[in-house]
Number of protein chains: 4
Amino acid sequence: MFAEIKGLNEECGVFGVWGHKEAAHITYYGLHSLQHRGQEGAGIVVSNGEKLQCHKGLGLVNDVFGHGELEQLHGSGAIGHVRYTTAGASDLTNCQPFLFNSQTGSLALAHNGNLVNANALKHQLERQGSIFQTTSDTEVVAHLIKRSGYETLEDRIKNALTMVKGAYAFVMMEEDKLIAALDPNGLRPLSIGRIGEAYVISSETCAFDIIGATYEREVEPGELIIIDDNGLRSEKFSLSPKRAICSMEYVYFARPDSNVDQINVHYARKNLGKELALEKPIEADVVTGVPDSSISAAIGYAEQAGIPYELGLIKNRYVGRTFIQPSQELREQGVKMKLSAVRGVVEGKRVVMIDDSIVRGTTSRRIVKLLREAGALEVHVRISSPPIQNSCFYGIDTSTKGELIASDKSVQEICDEIGADSLEFLSVEGLMRGIGRPDTEENHGQCLACFTGQYPTEIYPESDHPYEKV
Amino acid sequence: MFAEIKGLNEECGVFGVWGHKEAAHITYYGLHSLQHRGQEGAGIVVSNGEKLQCHKGLGLVNDVFGHGELEQLHGSGAIGHVRYTTAGASDLTNCQPFLFNSQTGSLALAHNGNLVNANALKHQLERQGSIFQTTSDTEVVAHLIKRSGYETLEDRIKNALTMVKGAYAFVMMEEDKLIAALDPNGLRPLSIGRIGEAYVISSETCAFDIIGATYEREVEPGELIIIDDNGLRSEKFSLSPKRAICSMEYVYFARPDSNVDQINVHYARKNLGKELALEKPIEADVVTGVPDSSISAAIGYAEQAGIPYELGLIKNRYVGRTFIQPSQELREQGVKMKLSAVRGVVEGKRVVMIDDSIVRGTTSRRIVKLLREAGALEVHVRISSPPIQNSCFYGIDTSTKGELIASDKSVQEICDEIGADSLEFLSVEGLMRGIGRPDTEENHGQCLACFTGQYPTEIYPESDHPYEKV
Amino acid sequence: MFAEIKGLNEECGVFGVWGHKEAAHITYYGLHSLQHRGQEGAGIVVSNGEKLQCHKGLGLVNDVFGHGELEQLHGSGAIGHVRYTTAGASDLTNCQPFLFNSQTGSLALAHNGNLVNANALKHQLERQGSIFQTTSDTEVVAHLIKRSGYETLEDRIKNALTMVKGAYAFVMMEEDKLIAALDPNGLRPLSIGRIGEAYVISSETCAFDIIGATYEREVEPGELIIIDDNGLRSEKFSLSPKRAICSMEYVYFARPDSNVDQINVHYARKNLGKELALEKPIEADVVTGVPDSSISAAIGYAEQAGIPYELGLIKNRYVGRTFIQPSQELREQGVKMKLSAVRGVVEGKRVVMIDDSIVRGTTSRRIVKLLREAGALEVHVRISSPPIQNSCFYGIDTSTKGELIASDKSVQEICDEIGADSLEFLSVEGLMRGIGRPDTEENHGQCLACFTGQYPTEIYPESDHPYEKV
Amino acid sequence: MFAEIKGLNEECGVFGVWGHKEAAHITYYGLHSLQHRGQEGAGIVVSNGEKLQCHKGLGLVNDVFGHGELEQLHGSGAIGHVRYTTAGASDLTNCQPFLFNSQTGSLALAHNGNLVNANALKHQLERQGSIFQTTSDTEVVAHLIKRSGYETLEDRIKNALTMVKGAYAFVMMEEDKLIAALDPNGLRPLSIGRIGEAYVISSETCAFDIIGATYEREVEPGELIIIDDNGLRSEKFSLSPKRAICSMEYVYFARPDSNVDQINVHYARKNLGKELALEKPIEADVVTGVPDSSISAAIGYAEQAGIPYELGLIKNRYVGRTFIQPSQELREQGVKMKLSAVRGVVEGKRVVMIDDSIVRGTTSRRIVKLLREAGALEVHVRISSPPIQNSCFYGIDTSTKGELIASDKSVQEICDEIGADSLEFLSVEGLMRGIGRPDTEENHGQCLACFTGQYPTEIYPESDHPYEKV
């Protein structure tokens, strides 16, 4: 479903390239393929070896870079960012990458994730005389780096990162190098690729395909990657890193053509659908998925259950930002937006509707209603993940705990509220089986906090009113 | 696939509503759902009972109507048009609806189709003193209506339509009525719906769903529908109408959630895929479809063949008009646009790639290449329609006959050219079985001219250089 | 003053060039210098000898042609138009030049003026089967040309022009020639210039200066100018032409750097100011003019009267279309727009405020108030033309007679209404002396109809509700 | 003349209002009237008593605030800024006001002027751990305020201002107060006005007129003005302030309807013209001024010399940003932009052309050429200020000393270079007499540094490569 309907939003994608003479263009295409991770703002900083140069703006990558801006961004290194924001449309200040100028050199940063102790650190920095121009936790990291007493940038970054807690995938750039860093739990995805002699860093591997890069490896939890004209070096800044990658990347966020930590997202989702069919079968005529994110799970459910998979719901491709909202009266008369049920497919049928998750329940209720109005006899909702009962503090906008329908309602109560004939969720075990991550010493599984409430890091008191995430 | 890649373009969609106090808004939502039939221009004419008022412009419906324009269009009757055009971006003149003012009243027209004798008629009209402001065949019809000696508009329209040959679905409007007309072969789709007391007319039924209208019936071949404040009347203007609806509406153009002449498009396509699996089986690991138009056929093929259906190709949702084309060098390096192969799905697999049609072959070649680069072991192309060997003169831009790869190449030659391991087309019989139209006295089948060369109307010499279609 | 404040609007400017390889660019610069004659729409048609090509749009010349459109307009002949319109913002249909396509060739027309018998002609044409797509009288002329039985275009145009009455300056273009025509009274200005081998035609000579052209001569009343690759020819289509050029061109419309029928507009205005000082002297401390159109007259008044000329009123240069109107409350609090009185100049002074004309009186009242609020002791308004008491039917939008404050109010009543200490107008004789046109057989004076009610042509009954002028 | 032609640019205007419920709108109109001081960017910060909110953007005030942005800015306090910038179009980062957020409150700053020791201070701050996001000297002041140990904002600001040298007019705002500060030499203008109970601060008094405010007094050199809900307080932060206001505000920058330090700009300029006529008379037929800034001086010259003042040069009002530059060939053919000579006025005449200043001489050369091409017999250039021979370090972009034509050329050499028949400048004494500032203890005269090289403050070595000014 559309992010704005769902109330479940990935927050940002990062990209970087070093050693390619069309670095800004490469970053532009990369950001394009990460556009689903943030549609509110986009930015690119390039380095020509001597100077960093920035362009950023509100809107889609094409809105920001579609008018010749790339031609002004010269250099063989670049980092970029796409941003999801809860703030007003005019809030360009928080757009990334941030570029900090100093008389001894400049530093650019782009961040995906959320720091759970940003407020405490900011208090401390302000007491020491720092001033802040944004409300972003990323600016806190810049101050920590600047104030660190160490000599080299790498050491200053490592020093700064020991002080921050939470989820982060950083790409940073100075005039002569690009640096990537992943938090010790590896909560957010970050991959390394190559395109000829150049290195690329991306939140998702789908960016590699679009630019013709080959996949190299993941950035490891607690790892600092330094790329300069001498190639790539790795340093560790955490003693006990262990991967706890966000489950929702597989369930909902990442593109189906990405591999997240080496597992293809489409197959993971299809497997979730199969597990769901095994756990929660139902007798029905057709299986349909809520486009676009639940299509793979629906295919898997149908295949496992032996029920035909059909296009029972269609997304209106041309609904843009300026789409005119129907008046209350027209809405009551049935004017639809974004999503239509296919009468020819669902009329007179018992329908299994697969969705990947339920956040507040409002979207599910609307879709069930759409299907009934189009003539469905029965609507059985099957969710390819467990109930979301806890807030995320690691960079996903799940709404507050109070808004999560599953935080205080039983499955039957939710079923009643959304008006389905039956409702079932996948179990946590089913989720883990479906994604199929190996459970090894260093790489044991994934973050399940929003389902189980067990957070892989400390959670600060402030976290309940999370700092604006970036 | 994207229309601009395919070289196969539907030309226009029409919509009308009479008797609804938010007629302009209703038409806006209707045109939205017809947007796939034309993305180059859009227009709406409203009637408030005394006066017709027009707004039209270049671009998507939202581009044209997204800035408060609807608020200026008052009235309870409206007709609208979305346009595909081959002409330059600034060619607003040919945008529809056309609005002709006269001191005794005004007439608005919107047209989907193509008249095969427009040039001959235009010659004759010019000799009689008519002047033309557009290059559109629609303007010819307006002149014929104006010059007809009959008294009532209905009679003048009927008189004019006896003189034109070809394919047309018209919606027209005067201050106090809305009129729809379909050519005697019923080559283009045109349906009637109701929303409360109001009547709606649309090229496709998907528009009814978005506005909450219920389907009433098809406009019949050779039928004139007159809707005014007294309700709906029907008149016939052709002695021997017989339906020969365009096959490509089912194969490629119409939205899967539309019913075209009462047959659901998704199911028709799925059946074409099943027929294709029966006719042209192949041993393989995965079936994938070219998004968006071939998804249904791929699901059908997979289901029939018992091979898993997977998302092997992904369309980049955010490629807009302003997407910056990669430089030649970047393109060679592999920068992709619009479509990506999903490495995780196709790598090491024998892939059946379902597409709905092949026009010039260039797109197929690119997609086969994408799949191979993503690691597919074998790529077997299956096309869910017969080879297109003849130009269409009824409103589809199929390129000229010489550009049609199937017009002078054998299937094996095409297979070699697109680089597939095997290539097969559906037979004409398979196409007819798949769509499954009843073969009755008045409604026997569909237009197959682009496959067979048998045109349901006379074809004028001029037709080889078809008049600019609208 | 700003046209929109004044309620007195010139309607359109025309331009043409033949024989210059950058014809579209030349026309663009020419239209720029005619922008004061119409800010609502602009258009250019070019001929490359084989084909006419059009681009037009709503807004200023730069809005319409500022994004690369000129690069698409190739050819060595071009005509252009800037338009003033009373209709809604979206009314592109009436924008000119009009381009009429026919299988034997195309014809483009651009028009400045107004035809007084357009409605009668249109009735007649519609009865003969013509259909109209615009509400413009220009389209009537196109139909008359098309329907004329004569062989050559020149003869058809001459035949058509014998049937129309009123004011017109036409530039027209076929593939291989440019034609200009001026009505038999020469009511509107139209001049011929040269730029190298190329000929240019323009509503005002200021366009010649901006493009580096030299002035050749006026188009004569009742003259048809034909320019093609063989040079320029002249034909007469009226037996008794006599110049009666619009006085308001001198008083208000034309740019001060134009010569209208060989008389410099700045000097004409300055002389009007001098005549006014002689006729209507007053004891005062400063003379100020309402910018921009009354500056010259104010300079003349000051010079003649021996009172210092000062900048007592300043126009805000950056008030654009999107300027946000103050709320009622802010307006009452004194938020100004467009025009400010210069406190430092007028405070404690007896001020003579020179304006070129009074239409409805509302603007004058506002300016008097501005001056008083800025501390002026006395405000004496002097108008450099006689009272406007009659509607214009020749292409000036003077509002209807009923809205003209001078149509039913005495000078003293107007003075009271605008709140001035004294008010005086220039006499008709003063106006004629000031402009100083020679009174010869063929060129005797100017149109004074809006002052005297004596119209140089027949006035049709319809004229009281004038057809939409172009 | 146009700033971009002249190479002489005012840098920025500031505005503030406290205690008005439509503070954002008031600031919008105020910035409008200051638009001539900076056309590259605009911004407004509002306070609703609890929170500061910012919107800023590139372009004119209307570009930035013309689409409903003001409706989002609620509060009764506001500050605003218009900006001139030498940097690239996309450089939004340096747009003002700057807004610094901190957990104990926020601070917004807008600045007109230039600090001469900003680089030295920045070095020092960076060594102490500060990081900078802009290249603006204004950010330096924010850091100094933040790091000051004093308790109240007023004390921290005063402490910070004792450390900076140069020219500055600041308006700042916290949630509950507005603060204005002027440097100890009062180099830049800054005035206080009232509108009902509300106070307003503006770079120029013309802003008071547009919003209906009354003038109260100047901000004094070295004075800190604090405005909150209790009214206005004043504090001094400099022991020996003395006014040395920039002469060029009178000569060129300020609007003629502003009073700068209580002297009307139009009259000052007119007097400069009179002084010039007395010092440097010449026999001639007409006097003309270069619009817009030299009109007043030309009127004064004409009045004193008894030579008629005429509109010999006209500015094209509609040349906007998107005006298409003529190709080299068209330029050679004489296509003009921006400025036209009025042939009817200057042909066959001896012309005195008044300009306010000469920077690089290129503009003067072009205008002399324009006049000659329009037929002027003689062109005598008279400049209403002395030769500019030195760079300005106080916020005026005069180009570097090397580019100043008068820095190494004699008057005769300049005359030859611009192609005039004669050239004369006003003397420094004439300038002082013309402006007529009282010479008192605390207010003795004005800054003449660009003419004489005597700077009223220390000039740091860095100043020769001035920090980017704001």
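Predicted model, so just to flag it, every value in this text is computed and none were measured.

Calculation rules
- Residues numbered from 1 in each chain as written.
- Chains lettered and ligands numbered in written order.
- Predicted model: local features only at pLDDT ≥ 70, side-chain atom pairs only at ≥ 80, totals over all residues.
- Contact = placed C-beta atoms within 7 Å.
- Helix = DSSP H or I, 4+ residues; strand = E, 2+ residues; numbered from the N terminus.
- Nonpolar A, V, L, I, M, F, W, Y, C, P; charged D, E, K, R; others polar.
- Least-squares fit on C-alpha atoms with pLDDT ≥ 70 in both.
- UniProt positions renumbered as here; feature names shortened; annotations may be inferred.
- Buried ≥ 20, exposed ≤ 12 C-beta atoms within 10 Å, placed from the backbone.
- Pairing = 2+ DSSP bridges.
- Axes fitted to C-alpha atoms, helices over the stretch in contact; angles between N-to-C directions.
- pLDDT = per-residue confidence, 0-100.
- Core = buried A, V, L, I, M, F, W, Y, C linked by C-beta atoms within 7 Å.

Asks: Lay out the interface of chain C and chain D with the relevant residues and their values.
Replies: One frequently used descriptor of interface size is the decrease in accessible area upon assembly of the parts. Opposite the 51 residues of chain C that make contact, chain D presents 50 residues. For the side of chain C that touches chain D, the secondary structure elements donating two or more residues are helix 2 (23–33), helix 3 (61–65), helix 7 (206–211), helix 9 (265–279), helix 10 (295–305), helix 11 (328–333) and helix 12 (343–346) of chain C. Considering every element that reaches the side of chain C that touches chain D, the biggest residue donor is helix 2 of chain C, with five residues. For the side of chain C that touches chain D, the class distribution of residues is 25 nonpolar, 18 polar and eight charged.

Asks: Quick rundown of the relation of the copies chain B and chain A? Include the residues and the values.
Replies: Of the two same-sequence chains, chain B is brought onto chain A (RMSD 0.0 Å, axial shift 0.0 Å) by a rotation of 180 degrees. Viewed as a symmetry operation, the transformation between the two copies matches a two-fold axis. In this assembly, 100% of the residues forming the interface of chain B have copies in chain A that are likewise at the interface, indicating an isologous arrangement.

Asks: Which residues make up the UniProt feature "binding site: Mg(2+)" (unreviewed entry) in chain A, and what values go with them?
Replies: All names here are of chain A. Per the UniProt record, the feature "binding site: Mg(2+)" (unreviewed entry) sits at S293, D355 and D356. Across 64 residues, the annotated set stays spatially compact, with a maximum C-alpha separation of 8.0 Å. Inspection of the secondary structure puts S293 in the loop between strand 18 (286–289) and helix 10 (295–305). Among the residues examined, S293 registers 26 C-beta atoms within 10 Å and is labelled buried. Tracing the sequence through the fold places D355 in strand 21 (residues 350–355).

Asks: Tell me what's going on with the sheet that holds strand 2 (residues 13–18) of chain A, and back it up with residues and numbers.
Replies: All names here are of chain A. Reading across the sheet, the seven strands line up as 4-3-5-2-11-10-12 and stay open at both edges, with antiparallel pairing between neighbours. Among the strands making up the open sheet, the edge pair consists of strand 4 (52–58) and strand 12 (214–218). Ignoring strand direction, the axes of neighbouring strands in this sheet form an average angle of 15 degrees. Helix 2 (residues 23–33) contacts strand 2, strand 3 (41–47), strand 5 (77–83) and strand 11 (198–202) of the sheet and is inclined by roughly 25 degrees relative to strand 5.

Asks: Can you tell me about the relation of the copies chain C and chain D, naming the residues and giving the values?
Replies: The two copies are related by a screw operation: chain C maps onto chain D through 180 degrees of rotation and 0.0 Å of translation along the axis, at an RMSD of 0.0 Å. Looking at chain C, 98% of its interface residues are interface residues in chain D too, so the copies touch through the same face.

Asks: Can you explain the confidence of the model for chain A? Please cite residues and give values.
Replies: Residue and element names in this part refer to chain A. Looking at chain A, pLDDT values average 88 and 91% of them are 70 or higher. Ignoring residues within four places in sequence, the model shows residues 1–6, a span with pLDDT below 50, making nine contacts including any to other chains. A low-confidence stretch, residues 462–470 (pLDDT under 50), is modelled with 25 contacts involving residues beyond four sequence positions or located in other chains.

Asks: Give me the lowdown on the interface of chain B and chain A, citing residues and values where you can.
Replies: At the junction of the two partners, chain B supplies 50 residues and chain A supplies 50 residues. Mapped by element, the contributors of at least two residues to the side of chain B that touches chain A are helix 2 (23–33), helix 3 (61–65), helix 7 (206–211), helix 9 (265–279), helix 10 (295–305) and helix 12 (343–346) of chain B. It is helix 2 of chain B that contributes the most residues to the side of chain B that touches chain A, five residues altogether. Taken together, the residues of the side of chain B that touches chain A break down into 24 nonpolar, 18 polar and eight charged.

Asks: How would you sum up the UniProt feature "binding site: [4Fe-4S] cluster" (unreviewed entry) in chain A? Please name residues and give values.
Replies: All names here are of chain A. This chain's UniProt record puts "binding site: [4Fe-4S] cluster" (unreviewed entry) on C246, C392, C447 and C450. Of the residues just listed, which span 205 residues, no C-alpha pair is farther apart than 10.1 Å, and they cluster in one region. With respect to the helices and strands, C246 occurs in strand 15 (residues 245–246). Ignoring sequence-local partners within four residues, the contact set of C246 consists of L187, R188, Y394, Q446 and C447. Examined against the element boundaries, C447 turns out to sit in strand 25 (residues 446–447).

Asks: Summarise the pairing of strand 14 (residues 231–236) of chain C; cite the residues concerned and give the values.
Replies: Inspection of the sheet shows strand 13 (residues 223–228) of chain C paired to strand 14 of chain C by six bridges, in the antiparallel sense. Looking at the pairing, C:E223 lines up with C:K236 of strand 14 of chain C.

Asks: Would you mind going over the nonpolar core in detail, with residue names and values included?
Replies: By size, the foremost hydrophobic cluster in this structure holds 314 residues, and its most contacted members are C:V287, C:L371 and D:L371. Those residues in contact with C:L371 that sit more than four places away from it in its chain are C:A341, C:V346, C:V351, C:M353, C:A376 and C:V379. By size, the runner-up hydrophobic cluster in this structure holds 313 residues, among which are A:F15, A:I354, B:L34 and B:M173.

Asks: Just give me the short version of the environment of D:S296, but keep the residues and values in it.
Replies: Within the element layout of this structure, D:S296 appears in helix 10 (residues 295–305). For D:S296, a count of 27 C-beta atoms within 10 Å gives the class buried. For the pair D:S296 and D:D356, spaced 60 residues apart in the sequence, the C-alpha separation amounts to 9.6 Å. With near-sequence residues (within four places) excluded, D:S296 lies in contact with C:L311, D:P256, D:H266, D:R269, D:K270 and D:G273.

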